[in-house]
Amino acid sequence: MVVDAVLAAILDAGLTPADVDGIMSDSIIMPVTVPHDYVAGQLGITRTYDATISYGGAAMMCAPLLAAQAIKSGLAKVVVFYFGVDWGSRPGGPYGYHSLYPAKGVFEQPYGYSGQPAYFAMMARRYRETYGLPQEHLGRIALNQRHNALLNGRAQVKAPLTLEGYLNGRPIADPLTLNDCCVITDGVGAYVMTSDDRADSCARRPVRVLGAGYAAEAITADDVFSQPDLTRFPAVQVAMERALASADVTRDDIDFAEIYDCFSISCLLQLEGLGFCKRGEGGAFVAEGHTALDGKLPVNTHGGFLSYSYRLGIEHVLEAVRQLRGEAGAAQVKDASVGLVTGLSVPEYGALLLGRA
Amino acid sequence: MISAPEVMAEFRPFFEATSRDHLAFPQCEECHRFHWYPLQRCPHCTSPRLTWTRVAKRATLYSWTMIHHPFTEADAARVPYLVGLVDLVEAKGVRLVVSIDRQRLPQLAAGLAGGLTIEHRPGELDRVAFTPDASR
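Applying the stated criterion across every chain yields a total of 21 aromatic pairs over all chains. Between Phe305 of chain A and Tyr310 of chain A the ring centres are 5.0 Å apart and the planes differ by 70°, which places this aromatic pair in the edge-to-face class. Between the aromatic rings of Trp36 of chain B and Tyr37 of chain B, the centroid separation amounts to 5.4 Å while the plane-to-plane angle is 55°, which identifies the pairing as tilted. We classify Trp36 of chain B as buried; its relative accessible area is 3%.

Right, let's talk about helix H3 (residues 36-43) of chain A for a bit. Residues and elements named next belong to chain A. Where H3 is concerned, the buried positions are His36, Val39, Ala40 and Leu43. End-on, the buried residues of H3 take up no more than an arc of 95°, which puts them together on one face. Exposed residues on H3 whose side chains face more than 90 degrees from its buried face are Asp37 and Gly41. For H3, the elements touching its buried residues are helix H1 (2-12), strand S1 (22-25), strand S2 (49-52) and strand S3 (78-86). The first or second residue beyond H3 is Gly44, which carries a positive phi of 75°.

Of the consecutive residues Asp174 of chain A and Pro175 of chain A, the connecting peptide bond is found in the cis state with omega at 10°. You can see Pro175 of chain A is positioned in the loop between strand S4 (171-173) and strand S5 (176-177). Of note, the bond from Val79 of chain B into Pro80 of chain B is cis; its omega dihedral lies within 30 degrees of zero at -10°. As for its placement among the helices and strands, Pro80 of chain B is situated in the loop between helix H2 (73-76) and strand S4 (81-88).

If you look at the interface, chain A gives 36 residues, while chain B gives 41 residues. Buried surface at the junction of chain A and chain B, both sides included, amounts to about 3,100 Å², of which 63% is carbon and sulfur. Contact with chain B buries area across many residues of chain A, yet Phe107, Tyr111 and Gln227 of chain A alone supply 26% of it, more than any other trio. For the interface between chain A and chain B, the tally reads zero salt bridges. For the pair chain A and chain B, the interface holds 20 residue pairs in polar contact (both at pLDDT 80 or more). Where the side of chain A that touches chain B is concerned, the elements lending two or more residues are helix H5 (102-107), helix H6 (116-131) and S4 of chain A. No other element matches the seven residues that H6 of chain A contributes to the side of chain A that touches chain B. Partitioning the side of chain A that touches chain B into residue classes produces 18 nonpolar, nine polar and nine charged.

Conventions used here
Residues numbered from 1 in each chain as written. Chains lettered and ligands numbered in written order. Predicted model: local features only at pLDDT ≥ 70, side-chain atom pairs only at ≥ 80, totals over all residues. Heavy atoms only, no water. Phe/Tyr/Trp six-rings, centres within 6.5 Å; stacked < 30°, edge-to-face > 60°. Buried < 20%, exposed > 50% of the residue type's maximum accessible area, 1.4 Å probe, protein only. Helix = DSSP H or I, 4+ residues; strand = E, 2+ residues; numbered from the N terminus. Arc of directions from axis to C-beta. Contact = heavy atoms within 4.5 Å. Buried area = accessible area lost by both parts, 1.4 Å probe. Salt bridge = Lys/Arg side-chain N within 4 Å of Asp/Glu carboxyl O. Polar contact = N/O pair within 3.5 Å; in protein donor to acceptor, adjacent residues only side chain to side chain. Nonpolar A, V, L, I, M, F, W, Y, C, P; charged D, E, K, R; others polar.

Next up, the structure:
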């Protein structure tokens, strides 16, 4: 599946595998599931550049940081990035990642504190105790994304969602219910990066990498869902400031955002951390309609992880590309020229700013 | 029944303490601050001189969740169950995952003070339970 996606991305750009001389992926998941050589060997890609960055989520937003350096310095001319997951069918699914962390195994799992919904429920509860958080505010995130998902016809979830339906949703880990949690998916995605000059002569209208930011806070991945302030994510603000500075744009220039929404609460906390609203005001920001397609910051225009698919953000990048090419169909944001894509792999964070060419 | 996982050497002092109904956490001999989970160096000052210090079994509630969906086969038999995060009163910076009797749910609030007890079960790792004061 990954090989097919990489080839499709290359051909879509009007290139052939022989044009590609660099391969990138995340650092943890791809190298042990679909290694670069496995892809290169089948497609006939001879590499002069090879790199990985971050664990899952933040990788797809940060890869352009490294690729830009490689291309500018002449290490590579055309770099392809890919990512895929089989957590829909792999035993243990997304929860398998706990086995990487020995402290979790003895200090968390025996209590049944395992499974990402439990972690994010703990965050949502603490947030509610600190700032207040009506259940409806979380629901507005889920509803908004379901609405967007139903516009494109490709989303994994096809059923409409009402506020009543949301509020009566099956409890998973209180206060999170079924519709606060992402779907689980087997799927892949890939994109091709090259110089502006080369891109302009490619078959498809390119999208510009305006800037990107990566940051990771000084905390181990063992600790991230128990020890720090659970009403915020680490590194979000730093990564965002770096992305804005490198792109030379302001938040007001951003026309839409594809935000890493493993859970409704994740999306809410990032809206605050990214600086679109103040801390404690994320719920109201959503409830006031600002993240709807006709709002001032449309968010997860394809439905995100909650409704479209959960591929740790590769589809978030692809959706931003569709928006900036004017190919987002019924969910097209009018005059979209700058888009933000964010990736979370706590304690790491990535923010990518893309622009219409 | 949850079979006990292998406990790494650097985690064993915790369970040696709980076997005697005590709680102990890693403390830096140089800057005297606690940290959690166990690390090879003090994350506050990088010193490798760490010791395990016994502290009072008192804590305040940081957050909690009632888990309805079992994430592992082992958890299926016990849903719904309540998990909490508590801050140790005498070990600043240590936040512990604890179990809480699900009957306590209505009285829970952030900052609630309470006591910690050690639960021993044959063939399982010791677990720490939190009981809010108000319910005593």
